[in-house]
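Chain by chain, the residues:
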Amino acid sequence: MNKMFTKYTLRRGVTLKNRLVLAPMTTYASNEDLTVSDEELIYYNSRAKQFGMVVTAACAVSKNAQAFERQISVRDRRYTDSMKQLASSITKEGSVAILQLHHGGRMNQPNLYHNQDIVAPSAVKANRDYTVTPRELKTSEVYDIMDSFVNAAEIALEAGFDGVELHGANTYLLQQFYSPHSNQRDDEFGGNSTKRMTFMMKLIDRIMNLRTKHNKPEFIIGYRLSPEEIEDPGITIEDTLFLIDELSYKDIDYIHLSTGHYKQKSIRNKDETVSLIYRIMEHVQDRVAIIGVGQIDTLKDIEDVSFLGYSMAAIGLAALADKEFVEHVRDGIPLNKEFSEDCMLPTKLFERLSSWMKNSDRGYTVK
Ligand SMILES: Cc1cc2nc3c(=O)[nH]c(=O)nc-3n(C[C@H](O)[C@H](O)[C@H](O)COP(=O)(O)O)c2cc1C
(Lines give C-alpha, C1' and ligand atoms only; values in the text may rest on other atoms or scores of the structure.)
Protein backbone atom coordinates (compact mmCIF):
# COMPACT_ATOMS: atom_id res chain seq x y z
CA MET A 1 0.00 0.00 0.00
CA ASN A 2 1.26 3.48 -0.82
CA LYS A 3 2.56 5.44 2.18
CA MET A 4 -0.07 8.16 1.68
CA PHE A 5 -2.65 5.66 3.01
CA THR A 6 -0.66 4.96 6.17
CA LYS A 7 -0.43 6.78 9.49
CA TYR A 8 1.74 9.86 9.87
CA THR A 9 2.93 11.62 13.01
CA LEU A 10 3.50 15.37 12.88
CA ARG A 11 6.59 16.77 14.64
CA ARG A 12 4.69 17.70 17.80
CA GLY A 13 3.19 14.26 18.22
CA VAL A 14 -0.28 14.32 16.64
CA THR A 15 -0.89 11.22 14.50
CA LEU A 16 -2.99 11.25 11.33
CA LYS A 17 -4.85 8.08 10.30
CA ASN A 18 -3.52 8.64 6.76
CA ARG A 19 -1.51 11.31 4.94
CA LEU A 20 -4.37 12.54 2.80
CA VAL A 21 -5.76 15.95 3.65
CA LEU A 22 -9.06 17.55 2.69
CA ALA A 23 -7.91 20.79 1.03
CA PRO A 24 -9.33 23.99 2.49
CA MET A 25 -12.36 24.92 0.39
CA THR A 26 -14.66 27.88 0.91
CA THR A 27 -18.27 26.73 0.98
CA TYR A 28 -20.12 30.10 0.70
CA ALA A 29 -22.71 28.41 2.89
CA SER A 30 -22.55 29.66 6.48
CA ASN A 31 -25.75 30.72 8.24
CA GLU A 32 -26.71 34.35 7.72
CA ASP A 33 -24.96 35.31 10.98
CA LEU A 34 -21.78 33.63 9.64
CA THR A 35 -21.94 30.69 12.05
CA VAL A 36 -21.37 27.22 10.60
CA SER A 37 -24.50 25.78 8.98
CA ASP A 38 -25.89 22.26 9.35
CA GLU A 39 -25.11 21.56 5.70
CA GLU A 40 -21.46 22.44 6.32
CA LEU A 41 -21.32 20.19 9.37
CA ILE A 42 -22.69 17.28 7.32
CA TYR A 43 -20.13 17.92 4.58
CA TYR A 44 -17.15 18.11 6.97
CA ASN A 45 -18.28 15.05 8.89
CA SER A 46 -18.57 12.98 5.71
CA ARG A 47 -15.03 13.91 4.58
CA ALA A 48 -13.55 13.44 8.07
CA LYS A 49 -14.50 9.77 7.83
CA GLN A 50 -12.00 9.53 4.96
CA PHE A 51 -9.17 12.00 5.47
CA GLY A 52 -6.35 11.96 8.02
CA MET A 53 -6.60 15.71 8.31
CA VAL A 54 -9.31 18.19 7.36
CA VAL A 55 -8.42 21.84 6.77
CA THR A 56 -11.58 23.93 6.95
CA ALA A 57 -12.63 26.63 4.55
CA ALA A 58 -10.87 29.95 5.03
CA CYS A 59 -12.52 31.50 8.12
CA ALA A 60 -12.58 35.28 8.59
CA VAL A 61 -10.68 36.48 11.67
CA SER A 62 -12.54 39.82 11.88
CA LYS A 63 -15.44 41.64 10.28
CA ASN A 64 -13.02 43.41 7.97
CA ALA A 65 -11.37 40.14 7.03
CA GLN A 66 -14.42 38.77 5.27
CA ALA A 67 -13.70 38.23 1.59
CA PHE A 68 -16.76 36.34 0.33
CA GLU A 69 -20.47 35.93 0.91
CA ARG A 70 -21.44 33.55 3.70
CA GLN A 71 -17.81 33.00 4.75
CA ILE A 72 -17.59 31.27 8.14
CA SER A 73 -16.47 33.72 10.83
CA VAL A 74 -14.23 33.26 13.85
CA ARG A 75 -14.12 36.93 14.77
CA ASP A 76 -14.96 36.75 18.48
CA ARG A 77 -16.22 34.51 21.26
CA ARG A 78 -19.80 34.73 20.02
CA TYR A 79 -18.55 32.21 17.46
CA THR A 80 -17.09 29.74 19.94
CA ASP A 81 -20.11 27.41 19.89
CA SER A 82 -20.11 27.41 16.09
CA MET A 83 -16.40 26.54 16.16
CA LYS A 84 -16.99 23.75 18.70
CA GLN A 85 -19.56 22.19 16.37
CA LEU A 86 -17.19 22.47 13.41
CA ALA A 87 -14.25 20.96 15.31
CA SER A 88 -16.28 18.09 16.68
CA SER A 89 -17.84 17.25 13.26
CA ILE A 90 -14.26 16.44 12.21
CA THR A 91 -12.57 15.06 15.34
CA LYS A 92 -15.39 12.63 16.16
CA GLU A 93 -14.37 10.66 13.07
CA GLY A 94 -10.76 10.42 14.26
CA SER A 95 -9.57 13.04 11.77
CA VAL A 96 -7.27 15.93 12.69
CA ALA A 97 -9.16 19.25 12.60
CA ILE A 98 -7.34 22.36 11.36
CA LEU A 99 -9.03 25.76 11.17
CA GLN A 100 -7.79 27.92 8.31
CA LEU A 101 -7.42 31.56 9.45
CA HIS A 102 -7.96 34.21 6.83
CA HIS A 103 -8.07 37.91 6.04
CA GLY A 104 -8.77 38.87 2.45
CA GLY A 105 -7.08 42.30 2.51
CA ARG A 106 -7.21 44.01 -0.88
CA MET A 107 -8.86 40.95 -2.45
CA ASN A 108 -12.08 41.42 -0.47
CA GLN A 109 -15.13 41.48 -2.67
CA PRO A 110 -16.64 45.00 -2.43
CA ASN A 111 -20.20 45.60 -1.19
CA LEU A 112 -20.34 42.53 1.03
CA TYR A 113 -21.76 44.62 3.86
CA HIS A 114 -22.58 48.22 4.81
CA ASN A 115 -19.62 50.51 5.65
CA GLN A 116 -17.10 47.96 4.40
CA ASP A 117 -13.51 49.12 4.84
CA ILE A 118 -11.15 47.32 2.45
CA VAL A 119 -7.60 47.52 3.82
CA ALA A 120 -4.16 46.25 2.82
CA PRO A 121 -0.47 46.85 3.58
CA SER A 122 -0.41 49.62 0.93
CA ALA A 123 -2.97 51.46 -1.17
CA VAL A 124 -2.21 49.44 -4.31
CA LYS A 125 -5.05 47.86 -6.23
CA ALA A 126 -4.78 44.18 -7.17
CA ASN A 127 -4.79 43.42 -10.88
CA ARG A 128 -8.25 41.85 -10.76
CA ASP A 129 -11.37 43.36 -12.29
CA TYR A 130 -13.60 43.20 -9.25
CA THR A 131 -11.13 44.69 -6.73
CA VAL A 132 -10.92 48.28 -5.49
CA THR A 133 -7.96 50.35 -4.31
CA PRO A 134 -7.60 49.45 -0.63
CA ARG A 135 -6.94 51.82 2.25
CA GLU A 136 -3.40 51.56 3.62
CA LEU A 137 -3.32 50.23 7.19
CA LYS A 138 -1.88 52.42 9.95
CA THR A 139 0.84 50.68 11.98
CA SER A 140 -1.49 50.41 14.99
CA GLU A 141 -4.14 48.78 12.76
CA VAL A 142 -1.62 46.16 11.62
CA TYR A 143 -1.25 45.21 15.27
CA ASP A 144 -5.06 45.10 15.61
CA ILE A 145 -5.25 42.60 12.75
CA MET A 146 -2.50 40.53 14.36
CA ASP A 147 -4.61 40.52 17.54
CA SER A 148 -7.59 39.23 15.51
CA PHE A 149 -5.54 36.33 14.16
CA VAL A 150 -4.23 35.45 17.64
CA ASN A 151 -7.72 35.72 19.09
CA ALA A 152 -9.11 33.46 16.37
CA ALA A 153 -6.34 30.91 17.01
CA GLU A 154 -7.22 30.94 20.71
CA ILE A 155 -10.91 30.40 19.92
CA ALA A 156 -9.90 27.46 17.69
CA LEU A 157 -7.78 25.97 20.46
CA GLU A 158 -10.52 26.38 23.08
CA ALA A 159 -13.14 24.98 20.69
CA GLY A 160 -11.27 21.69 20.23
CA PHE A 161 -9.38 22.17 16.97
CA ASP A 162 -6.07 20.32 16.74
CA GLY A 163 -4.46 23.32 15.12
CA VAL A 164 -4.66 26.28 12.78
CA GLU A 165 -3.39 26.99 9.28
CA LEU A 166 -2.41 30.57 8.44
CA HIS A 167 -3.70 31.39 4.97
CA GLY A 168 -0.63 33.01 3.45
CA ALA A 169 -1.54 31.97 -0.12
CA ASN A 170 -3.81 32.82 -3.04
CA THR A 171 -3.06 36.59 -2.89
CA TYR A 172 -4.78 37.23 0.47
CA LEU A 173 -3.56 39.50 3.28
CA LEU A 174 -0.59 37.51 4.61
CA GLN A 175 0.72 37.08 1.07
CA GLN A 176 0.07 40.81 0.54
CA PHE A 177 2.48 41.54 3.39
CA TYR A 178 5.18 39.44 1.75
CA SER A 179 4.60 40.70 -1.77
CA PRO A 180 6.68 43.63 -3.04
CA HIS A 181 3.68 44.49 -5.24
CA SER A 182 1.16 45.01 -2.44
CA ASN A 183 3.55 45.96 0.39
CA GLN A 184 5.30 49.26 -0.17
CA ARG A 185 5.31 50.28 3.50
CA ASP A 186 8.19 52.05 5.13
CA ASP A 187 7.40 51.12 8.74
CA GLU A 188 8.55 47.95 10.53
CA PHE A 189 6.21 45.81 8.33
CA GLY A 190 7.68 46.81 4.96
CA GLY A 191 11.00 47.06 3.15
CA ASN A 192 13.25 44.14 2.17
CA SER A 193 12.03 40.53 2.20
CA THR A 194 12.97 40.03 5.86
CA LYS A 195 10.96 43.08 6.86
CA ARG A 196 8.01 42.09 4.68
CA MET A 197 7.65 38.84 6.65
CA THR A 198 7.64 40.64 10.03
CA PHE A 199 3.86 40.39 10.35
CA MET A 200 3.81 36.61 9.86
CA MET A 201 6.83 35.96 12.08
CA LYS A 202 5.45 38.01 14.99
CA LEU A 203 2.07 36.34 14.50
CA ILE A 204 3.55 32.83 14.61
CA ASP A 205 5.47 33.67 17.81
CA ARG A 206 2.26 34.85 19.43
CA ILE A 207 0.31 31.74 18.39
CA MET A 208 3.17 29.61 19.71
CA ASN A 209 2.79 31.41 23.05
CA LEU A 210 -0.82 30.17 23.16
CA ARG A 211 0.51 26.61 23.29
CA THR A 212 2.32 27.45 26.51
CA LYS A 213 -0.55 29.47 27.95
CA HIS A 214 -3.02 26.61 27.41
CA ASN A 215 -0.53 23.83 28.08
CA LYS A 216 -1.17 22.37 24.61
CA PRO A 217 2.33 21.78 23.23
CA GLU A 218 0.96 19.60 20.44
CA PHE A 219 -1.32 22.33 18.98
CA ILE A 220 -0.51 22.38 15.25
CA ILE A 221 0.54 25.53 13.37
CA GLY A 222 0.64 25.23 9.59
CA TYR A 223 1.30 27.86 6.93
CA ARG A 224 -0.10 27.93 3.41
CA LEU A 225 1.73 29.81 0.67
CA SER A 226 1.67 30.36 -3.07
CA PRO A 227 5.24 29.96 -4.35
CA GLU A 228 5.13 32.72 -6.95
CA GLU A 229 3.22 35.80 -8.05
CA ILE A 230 2.74 36.82 -11.64
CA GLU A 231 3.04 40.58 -10.87
CA ASP A 232 6.22 42.57 -11.36
CA PRO A 233 7.50 43.21 -8.81
CA GLY A 234 6.06 40.08 -7.26
CA ILE A 235 7.01 37.08 -5.13
CA THR A 236 9.72 35.00 -6.83
CA ILE A 237 10.79 31.43 -6.11
CA GLU A 238 13.90 32.82 -4.37
CA ASP A 239 11.65 34.87 -2.06
CA THR A 240 9.65 31.74 -1.32
CA LEU A 241 12.67 29.58 -0.54
CA PHE A 242 13.74 32.31 1.90
CA LEU A 243 10.27 32.38 3.52
CA ILE A 244 10.28 28.58 3.78
CA ASP A 245 13.66 28.74 5.55
CA GLU A 246 12.38 31.29 8.06
CA LEU A 247 9.20 29.28 8.65
CA SER A 248 11.17 26.09 9.20
CA TYR A 249 13.48 27.84 11.72
CA LYS A 250 10.30 28.74 13.59
CA ASP A 251 9.62 25.02 13.92
CA ILE A 252 6.12 25.23 12.50
CA ASP A 253 4.45 21.89 11.88
CA TYR A 254 3.92 22.01 8.15
CA ILE A 255 3.99 24.14 5.04
CA HIS A 256 1.07 23.73 2.67
CA LEU A 257 1.84 24.75 -0.90
CA SER A 258 -0.94 26.20 -2.99
CA THR A 259 -0.39 25.36 -6.64
CA GLY A 260 -2.70 24.50 -9.52
CA HIS A 261 -0.75 21.30 -10.09
CA TYR A 262 1.40 19.24 -7.72
CA LYS A 263 4.22 19.24 -10.31
CA GLN A 264 3.82 22.94 -11.11
CA LYS A 265 6.39 24.76 -13.21
CA SER A 266 7.30 28.42 -12.77
CA ILE A 267 4.52 30.84 -13.70
CA ARG A 268 7.04 33.73 -13.84
CA ASN A 269 9.73 32.17 -15.96
CA LYS A 270 8.39 29.98 -18.76
CA ASP A 271 11.95 29.09 -19.88
CA GLU A 272 12.81 27.56 -16.52
CA THR A 273 13.49 23.87 -17.09
CA VAL A 274 13.56 22.70 -13.50
CA SER A 275 10.04 22.42 -12.08
CA LEU A 276 9.19 24.77 -9.26
CA ILE A 277 8.25 21.84 -7.08
CA TYR A 278 11.60 20.08 -7.60
CA ARG A 279 13.35 23.26 -6.52
CA ILE A 280 11.23 23.53 -3.39
CA MET A 281 11.53 19.86 -2.42
CA GLU A 282 15.28 19.83 -3.04
CA HIS A 283 15.70 22.95 -0.93
CA VAL A 284 13.54 21.77 1.96
CA GLN A 285 14.85 18.20 2.21
CA ASP A 286 13.28 16.90 5.43
CA ARG A 287 13.45 20.10 7.45
CA VAL A 288 9.69 20.63 7.55
CA ALA A 289 6.63 18.62 6.45
CA ILE A 290 5.26 19.76 3.09
CA ILE A 291 1.71 19.28 1.85
CA GLY A 292 1.35 19.11 -1.92
CA VAL A 293 -1.86 19.96 -3.79
CA GLY A 294 -3.30 20.46 -7.24
CA GLN A 295 -5.00 17.86 -9.43
CA ILE A 296 -4.12 14.90 -7.23
CA ASP A 297 -7.02 12.97 -8.67
CA THR A 298 -5.93 9.34 -9.14
CA LEU A 299 -3.87 6.59 -7.51
CA LYS A 300 -1.12 7.33 -10.02
CA ASP A 301 -1.05 10.97 -8.87
CA ILE A 302 -0.84 9.84 -5.24
CA GLU A 303 2.09 7.59 -6.13
CA ASP A 304 3.82 10.48 -7.92
CA VAL A 305 3.25 12.73 -4.92
CA SER A 306 4.92 10.19 -2.60
CA PHE A 307 7.80 9.85 -5.04
CA LEU A 308 8.30 13.61 -5.12
CA GLY A 309 8.81 13.50 -1.35
CA TYR A 310 5.73 15.33 -0.11
CA SER A 311 4.82 14.37 3.46
CA MET A 312 1.08 14.75 2.85
CA ALA A 313 -1.23 15.35 -0.11
CA ALA A 314 -4.26 17.64 -0.13
CA ILE A 315 -7.24 16.80 -2.31
CA GLY A 316 -9.69 19.44 -3.51
CA LEU A 317 -12.20 18.93 -6.32
CA ALA A 318 -11.82 15.15 -6.40
CA ALA A 319 -12.87 15.02 -2.74
CA LEU A 320 -15.86 17.24 -3.39
CA ALA A 321 -17.02 14.95 -6.21
CA ASP A 322 -16.45 11.66 -4.39
CA LYS A 323 -17.42 11.66 -0.72
CA GLU A 324 -15.53 8.36 -0.23
CA PHE A 325 -12.48 9.44 -2.19
CA VAL A 326 -9.84 7.86 0.07
CA GLU A 327 -11.41 4.40 0.22
CA HIS A 328 -12.28 4.40 -3.47
CA VAL A 329 -8.87 5.49 -4.73
CA ARG A 330 -7.10 3.10 -2.31
CA ASP A 331 -9.25 0.10 -3.28
CA GLY A 332 -9.30 0.77 -7.03
CA ILE A 333 -13.04 1.53 -7.07
CA PRO A 334 -13.97 3.97 -9.88
CA LEU A 335 -14.26 7.50 -8.50
CA ASN A 336 -17.48 9.45 -8.75
CA LYS A 337 -17.04 12.34 -11.20
CA GLU A 338 -20.61 13.57 -11.26
CA PHE A 339 -21.67 16.37 -8.94
CA SER A 340 -25.11 15.60 -7.52
CA GLU A 341 -27.04 15.69 -4.23
CA ASP A 342 -25.28 12.45 -3.28
CA CYS A 343 -22.01 14.36 -2.89
CA MET A 344 -23.19 15.77 0.48
CA LEU A 345 -22.14 19.31 -0.36
CA PRO A 346 -23.68 22.51 0.98
CA THR A 347 -26.26 23.73 -1.57
CA LYS A 348 -24.52 27.06 -2.23
CA LEU A 349 -21.21 25.32 -2.95
CA PHE A 350 -22.96 22.80 -5.19
CA GLU A 351 -24.57 25.66 -7.15
CA ARG A 352 -21.23 27.39 -7.68
CA LEU A 353 -19.51 24.16 -8.69
CA SER A 354 -22.31 23.41 -11.16
CA SER A 355 -21.65 26.65 -13.00
CA TRP A 356 -17.83 26.40 -12.77
CA MET A 357 -17.83 22.86 -14.15
CA LYS A 358 -19.31 24.10 -17.44
CA ASN A 359 -15.95 25.75 -18.23
CA SER A 360 -13.69 23.15 -16.66
CA ASP A 361 -11.62 20.50 -18.43
CA ARG A 362 -11.16 18.37 -15.30
CA GLY A 363 -13.69 15.76 -16.50
CA TYR A 364 -16.46 16.41 -13.98
CA THR A 365 -20.14 16.50 -14.90
CA VAL A 366 -23.20 17.83 -13.08
CA LYS A 367 -26.42 15.86 -12.63
C1 LIG B 1 -14.58 25.57 -4.19
C2 LIG B 1 -13.17 25.85 -3.79
C3 LIG B 1 -12.92 26.66 -2.70
C4 LIG B 1 -11.61 26.92 -2.29
N5 LIG B 1 -11.38 27.65 -1.13
C6 LIG B 1 -10.14 27.73 -0.62
C7 LIG B 1 -9.93 28.26 0.69
O8 LIG B 1 -10.88 28.63 1.40
N9 LIG B 1 -8.66 28.32 1.15
C10 LIG B 1 -7.58 27.88 0.41
O11 LIG B 1 -6.44 27.96 0.88
N12 LIG B 1 -7.76 27.35 -0.82
C13 LIG B 1 -9.01 27.23 -1.33
N14 LIG B 1 -9.20 26.57 -2.53
C15 LIG B 1 -8.05 25.94 -3.23
C16 LIG B 1 -7.93 24.46 -2.82
O17 LIG B 1 -7.55 24.34 -1.46
C18 LIG B 1 -6.92 23.69 -3.69
O19 LIG B 1 -5.64 24.26 -3.51
C20 LIG B 1 -7.27 23.74 -5.18
O21 LIG B 1 -8.64 23.40 -5.37
C22 LIG B 1 -6.39 22.77 -5.99
O23 LIG B 1 -6.62 21.43 -5.63
P24 LIG B 1 -7.50 20.43 -6.56
O25 LIG B 1 -6.92 20.48 -7.93
O26 LIG B 1 -7.39 19.09 -5.90
O27 LIG B 1 -8.92 20.94 -6.56
C28 LIG B 1 -10.51 26.35 -2.99
C29 LIG B 1 -10.78 25.55 -4.11
C30 LIG B 1 -12.08 25.28 -4.49
C31 LIG B 1 -12.33 24.36 -5.68
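Please refer to the structure higher up on the page.
Since the structure is predicted, the reported quantities are computational estimates derived from the model, not experimental observations.

(A) Summary view of the overall build of the protein chain. A tally of helices and strands in the protein chain yields twelve helices and 14 strands. Relative to its length of 367 residues, the protein chain is compact, with a C-alpha radius of gyration of 19 Å against a globular reference of 21 Å. Seen through its principal axes, the protein chain has C-alpha atoms that stretch 55 × 50 × 45 Å. Per-residue burial over the protein chain gives 61% buried out of 367 residues. Long-range contacts, defined as pairs at least 24 residues apart, comprise 70% of the intrachain contacts of the protein chain with a sequence gap of at least 6. On the protein chain, roughly 14900 Å² of surface is accessible, and the fraction owed to carbon and sulfur atoms is 47%. One way to put it: in the protein chain the 45 positive side-chain charges average out to a point 1 Å from where the 51 negative ones average out.

(B) Fine view of the site of the ligand. Residues in contact with the ligand amount to 18 residues; listed here are only the nearest, P24, T26, R224, Q295 and G316. A distance of 3.5 Å is found between a nitrogen atom of the ligand and a side-chain nitrogen or oxygen belonging to N170. Between the ligand and G316, the relevant distance is 2.8 Å, taken from an oxygen atom to a main-chain nitrogen or oxygen of the residue. Expressed as a share of its isolated accessible area of 600 Å², the protein-covered part of the ligand is 86%. Residues belonging to the shell around the ligand are distributed by class as follows: nine nonpolar, seven polar and two charged.

(C) Spatial organisation of the packing of helix α3 (residues 139–159) against helix α6 (residues 198–213). The interhelical angle for the contact between α3 and α6, taken along N-to-C directions, is 35°, at an axis separation of 10 Å. The chirality of how α3 crosses α6 is right-handed. Together, V142, Y143, I145, M146, D147, F149, V150, A153, E154 and L157 of α3 and F199, K202, L203, R206, I207, L210 and K213 of α6 make up the contact between the two elements. Split by residue class, the contact of α3 with α6 holds twelve nonpolar, no polar and five charged.

(D) Expanded view of the sheet that holds strand β8 (residues 163–168). With parallel pairing, eight strands are arranged side by side around a closed barrel as β3-β4-β5-β8-β9-β10-β11-β12. Averaged over all pairs of adjacent strands, the angle between strand axes in this sheet comes to 25°, irrespective of strand direction. Taken together, the six bridges between β8 and strand β9 (residues 220–225) define a ladder with parallel strand orientation. Following the sheet pairing, H167 is matched in β9 by R224. Along the sheet, α6 contacts β8 and β9; its crossing angle with β9, the most-contacted strand, is approximately 160°.

(E) Seen up close, the side chain of D245. In this structure, D245 sits in helix α7 (residues 237–249). On the accessibility criterion, D245 (13% relative accessible area) is buried. Apart from residues lying up to four places away in sequence, D245 is in contact with H283 and R287.

(F) Region of the structure containing the packing of helix α1 (residues 38–48) against helix α2 (residues 80–91). The N-to-C vectors of α1 and α2 enclose an angle of 25°; their axes lie 7 Å apart at closest approach. In terms of orientation, α1 lies roughly parallel with respect to α2. In this structure, α1 meets α2 at a crossing whose hand is right-handed. Taking contact as the criterion, the partners of L41, Y44, N45 and A48 in α1 are, on α2, Q85, L86, S89 and I90.

(G) Representation of the nonpolar core within the structure. Within the largest apolar cluster, 117 residues are counted, with the highest numbers of intra-cluster contacts made by M83, L99, L101, F199, Y223, Y310 and F339. In terms of residues, this core owes the most to one element, α3, which gives eleven residues. Setting aside chain neighbours within four positions, we find Y223 in contact with E165, L166, G168, L174, M200, I204, L243, L247, I252, Y254, I255 and H256.

Rules used throughout
Residues numbered from 1 in each chain as written. Predicted model: local features only at pLDDT ≥ 70, side-chain atom pairs only at ≥ 80, totals over all residues. Heavy atoms only, no water. Helix = DSSP H or I, 4+ residues; strand = E, 2+ residues; numbered from the N terminus. Rg over C-alpha atoms; globule rule 2.2 N^0.38 Å. Buried < 20%, exposed > 50% of the residue type's maximum accessible area, 1.4 Å probe, protein only. Contact = heavy atoms within 4.5 Å. Areas by Shrake-Rupley, 256 points an atom, 1.4 Å probe, with all protein chains shown as cover. Lys, Arg positive; Asp, Glu negative; His and termini not counted. Charge placed at Lys NZ, Arg CZ, Asp CG, Glu CD. Near = heavy atom within 4 Å. Polar contact = N/O pair within 3.5 Å; in protein donor to acceptor, adjacent residues only side chain to side chain. Nonpolar A, V, L, I, M, F, W, Y, C, P; charged D, E, K, R; others polar. Axes fitted to C-alpha atoms, helices over the stretch in contact; angles between N-to-C directions. Left-handed = near helix turned anticlockwise from the far one by under 90°. Pairing = 2+ DSSP bridges. Parallel < 35°, antiparallel > 145°, perpendicular 65-115°, else oblique. Core = buried A, V, L, I, M, F, W, Y, C linked by side-chain atoms within 4.5 Å.

Nothing here speaks to function; it is geometry throughout.
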